[in-house]
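Next come the chains, spelled out residue by residue.
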Amino acid sequence: MSRDGSMSDTIANSLLSGSLADYIEHDGASLLNRWREHQDWWDGRLRFGIDPYSKFTSSRIATECTASTRDGHTVSGVNFGSQEYLNLASHPEVLHAAKNAIDDFGVHSAGSAALMGNTKLSVDLEQRMAEFLGYKDCTVFPTGWGAGYGVIKTLVRPSDHVIIDRLAHASLHEGARGSTGNVHTFPHLSFEHAKTLLLKIRNDHPAAGILVVTETVFSMDSDVPDIAALQNLCRAHGATLMVDAAHDMGAIAPKGGGYLELQGCTGMPDILMGSFSKTFASNGGFVASNDTNLKLAMRYGCGPLTFTNAISPIQCAIISKCLDIIERDEGVELRSRLMENVLYMRKRMAESDFILFGQPSAIVPVILGDNAISRLTTHHAFELGGITNLVEYPAVKRDTSRWRIQMMANHNKNQIDKFVDIAVRARQNASSYLEVMSKAR
Ligand SMILES: Cc1ncc(COP(=O)(O)O)c(C=O)c1O
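Please read these numbers as outputs of a predicted model, since none were measured by experiment. (Residues numbered from 1 in each chain as written. Predicted model: local features only at pLDDT ≥ 70, side-chain atom pairs only at ≥ 80, totals over all residues. Heavy atoms only, no water.)

In terms of helices and strands, the protein carries 15 helices and 15 strands. For 441 residues, the compact-globule estimate of 2.2 N^0.38 gives 22 Å, and the C-alpha radius of gyration of the protein, at 23 Å, lies within 12% of that figure. In the protein, which comprises 441 residues, the share counted as buried stands at 53%. Summarising the internal contacts of the protein: among those between residues at least 6 apart in sequence, 70% fall at separations of at least 24. (Helix = DSSP H or I, 4+ residues; strand = E, 2+ residues; numbered from the N terminus. Rg over C-alpha atoms; globule rule 2.2 N^0.38 Å. Buried < 20%, exposed > 50% of the residue type's maximum accessible area, 1.4 Å probe, protein only. Contact = heavy atoms within 4.5 Å.)

Put into structure tokens, the structure is as follows:
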């Protein structure tokens, strides 16, 4: 199965069944030595072709691409591993806008947004994003990660409380933990559990600030909470709701308003944040709110905005042009093609007895199982030209390793069929290999 031969039992035990969690918390006085076994473990996986991470591409991101592993092993194939949901990164108008921005503004923002790092392009973008999202105000960040982490850090003090979905993005959990020791996680999508926590905290701490944090489309499960129910709950008990719409804003729903639009909740959450890196062809993130005090609060008191260089003029020009496309008929057409592809992929994978999670979005989570079967299946898929990303424990629950297939508007049925055929063959090859290994024991 591997690129340089089959595995011995010992190697198989650590490489096929161990997890990152076994290697990330090693002790020892030497800070750098703590990472030695971690490195050895990853290098072992790489040697046997079961490290599907840290891949790089050598050309534009498209529905087919050439991808290389960390050691330069290169494969060409169908690409279901890029977050490029509407294929705007190579759109001629977007490329043109980026080139114009270079001519007009140069390539650099040259300062924090708190000083003079904003440009006319970023100021206009904030205004346009506010209108698109249905809010009075919007602030643009250099990354989505910084937007999520930063807004929580700005708002929440040590005596406040954060109630957060267990599967919310790492930036949100880290922001919560970095702000207060009072972080309460609730089981994924459990409204009842969130409500119980909120009632108790409000009862015990009448003067505390309480932030409730969730996402529209969850990035590992592609499922969606009832936003109106959460917002009403928060209003009833003096809490603030914050929602991360990184994966669906611009890409889903007739006007591109994501699941908020589909649920009739556009502009409803107290705070809406998201990322440009999935649909808007650029690094960057945003925080929108109807409370216009938030902008300067963040600009002067939010690490990932105040103490970092502002988003570049090139990125702003790209995002603005993407927004033009997203808002016009072409955007409607792209979203409808994306959704057609999502539904077709989900149907074809289900027909091939793969287990799928969640609701239709650009993310199609396909459950592969434990570490061994998922690593081997991913290895074979890659070698056969099926390029996608594996997510394993501790990023998801044990034995629910999955492919996070990412769909694009420009995928065609042949490419989807090809990927499904590869997936079926890869799963067969992996199962046969594990059967032989277990018989040999
Ligand atoms: C749900 C969610 N929120 C926020 C982010 C961070 O976005 P960015 O890539 O812009 O830093 C991501 C990206 O991984 C994400 O999946």
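Lining the immediate environment of the ligand, one finds 13 residues, of which Gly 144, Asp 244, His 247, Ser 275 and Lys 278 sit closest. Here Asp 244 contributes a side-chain N or O atom positioned 2.6 Å from a nitrogen atom of the ligand. Side-chain polar atom of Ser 277 to an oxygen atom of the ligand: 2.9 Å apart, as the coordinates give it. With the chains in place, 84% of the 390 Å² that the ligand exposes on its own is no longer accessible. Its residues placed into classes, the shell around the ligand shows two nonpolar, eight polar and three charged. (Near = heavy atom within 4 Å. Polar contact = N/O pair within 3.5 Å; in protein donor to acceptor, adjacent residues only side chain to side chain. Areas by Shrake-Rupley, 256 points an atom, 1.4 Å probe, with all protein chains shown as cover. Nonpolar A, V, L, I, M, F, W, Y, C, P; charged D, E, K, R; others polar.)

If you walk across this open sheet you meet the four strands as E1-E2-E3-E13, and the pairing is mixed. Only two strands of the sheet have a single partner each, and these edge strands are strand E1 (56-57) and strand E13 (386-387). For strand E3 (residues 74-79) and E13, the ladder comprises two bridges, and the chain directions are parallel. For Val 78, the partnering residue across the bridge sits in E13 and is Gly 386. (Pairing = 2+ DSSP bridges.)

All right, on to the pattern of salt bridges then. Oppositely charged side chains may form a pair once their charged atoms are brought near each other. Across all of its chains, the model carries 22 salt bridges by this definition. A salt bridge links Glu 126 to Arg 299; its shortest N-O distance comes to 3.9 Å. With Glu 126 in helix H4 (residues 120-133) and Arg 299 in helix H10 (residues 293-301), this residue pair connects regions lying 173 residues apart in the sequence. The same class applies to Glu 126 and to Arg 299, which are both buried. As a salt-bridge pair, Glu 351 and Arg 348 come within 3.7 Å of each other at their nearest N and O atoms. Taken together, the positions of Glu 351 and Arg 348, both in helix H13 (residues 329-351) and three residues apart, correspond to about one turn of that helix. (Salt bridge = Lys/Arg side-chain N within 4 Å of Asp/Glu carboxyl O.)

Residue position: Ser 82 is located in the loop between E3 and helix H3 (92-105). Residue classification places Ser 82 among the buried positions, given a relative accessible area of 11%. At 2.9 Å, the side chain of Ser 82 and the side chain of Asn 79 are in polar contact. With sequence-adjacent residues up to four places away left out, Ser 82 is seen in contact with Ile 61, Gln 406 and Met 408.

Time to look at the sheet that holds strand E10 (residues 285-289). Read across the sheet, seven strands follow the order E4-E10-E9-E8-E7-E5-E6 without closing on themselves; strand pairing throughout is mixed. The open sheet has two edge strands with one neighbour each: strand E4 (137-141) and strand E6 (183-186). Pairwise comparison of adjacent strand axes, ignoring direction, gives a mean angle of 20 degrees for this sheet. Where strand E5 (residues 161-165) lies against strand E7 (residues 210-215), four bridges are found, and the strand directions are parallel. Each bridged residue has a counterpart across the sheet, and for Ile 163 the counterpart in E7 is Val 212. Of the strands in this sheet, E7 and strand E8 (240-244) are in contact with helix H8 (residues 227-236), which crosses E8 at around 155 degrees. Against the sheet, H10 touches E4 and E10, its axis set at about 20 degrees to E4. (Axes fitted to C-alpha atoms, helices over the stretch in contact; angles between N-to-C directions.)

Further remarks concern H10. Helical geometry note: an α-helix holds 3.6 residues per turn, so side chains three or four residues apart project in the same direction. All of the buried residues in H10 are Leu 294, Lys 295, Met 298 and Arg 299. Down the axis of H10, the buried side of the element spans an arc of 130 degrees, and every buried residue falls inside it. Residues of H10 that are exposed and angled more than 90 degrees away from the buried face: Asn 293 and Tyr 300. On its buried face, H10 sits against H4, E4, helix H5 (144-155), E10 and helix H11 (303-306). (Arc of directions from axis to C-beta.)

The tally for this structure, following the rule as stated, stands at nine aromatic pairs. Seen in terms of ring centroids, Trp 42 and Tyr 53 are 5.6 Å apart; in terms of plane orientation they differ by 85 degrees. Their pairing is edge-to-face. You can see Trp 42 sitting in helix H2 (residues 36-47) and its partner Tyr 53 sitting in the loop between H2 and E1, a full eleven residues away along the chain. Overall, Tyr 53 belongs to the partly exposed group, its relative accessible area being 22%. The interplanar angle of 50 degrees and the centroid separation of 4.9 Å between the aromatic rings of Phe 80 and Phe 419 together place this pair among those described as tilted. On the criterion of sequence distance, the pair formed by Phe 80 in the loop between E3 and H3 and Phe 419 in helix H15 (residues 413-440) is long-range, its members being 339 residues apart. (Phe/Tyr/Trp six-rings, centres within 6.5 Å; stacked < 30°, edge-to-face > 60°.)

With that out of the way, let us pick up the nonpolar core. Counting 78 residues, the largest nonpolar core has Leu 133, Leu 272, Met 345, Met 349, Trp 403 and Ile 405 as its most contacted members. Counting residues domain by domain, this core receives three or more from each of domain 1 (48-79 + 329-440) and domain 2 (92-327). Counting residues in each nonpolar core, the second largest holds 22 residues, with Val 162, Ile 164, Met 273 and Leu 294 among its members. (Core = buried A, V, L, I, M, F, W, Y, C linked by side-chain atoms within 4.5 Å. Domains from an automatic or database assignment.)

Along the chain, the position of Arg 202 falls in helix H7 (residues 191-204). Within the buried set, Arg 202 has no salt-bridge partner at all; the shortest N-O distance to an opposite charge, 7.8 Å, is to Asp 160. A polar contact is formed between the side chain of Arg 202 and the backbone oxygen of His 237, at a distance of 3.0 Å. Setting aside chain neighbours within four positions, we find Arg 202 in contact with Ala 207, Ala 208, Ile 210, His 237 and Gly 238. (Lys, Arg positive; Asp, Glu negative; His and termini not counted.)

What follows concerns the domain arrangement of the protein. In many analyses, interface size is given as the accessible surface area lost on bringing the parts together. Domain assignment breaks the protein into domain 1 (48-79 + 329-440) and domain 2 (92-327). If you average the C-alpha positions of domain 1 and of domain 2, the two centres end up 28 Å apart. Taken together, the contacts link 23 residues of domain 1 with 22 residues of domain 2. Between domain 1 and domain 2, roughly 1,600 Å² of surface is buried when both sides are summed, and carbon and sulfur atoms account for 53% of that area. Run the count over domain 1 and domain 2 and you get one salt bridge. (Buried area = accessible area lost by both parts, 1.4 Å probe.)

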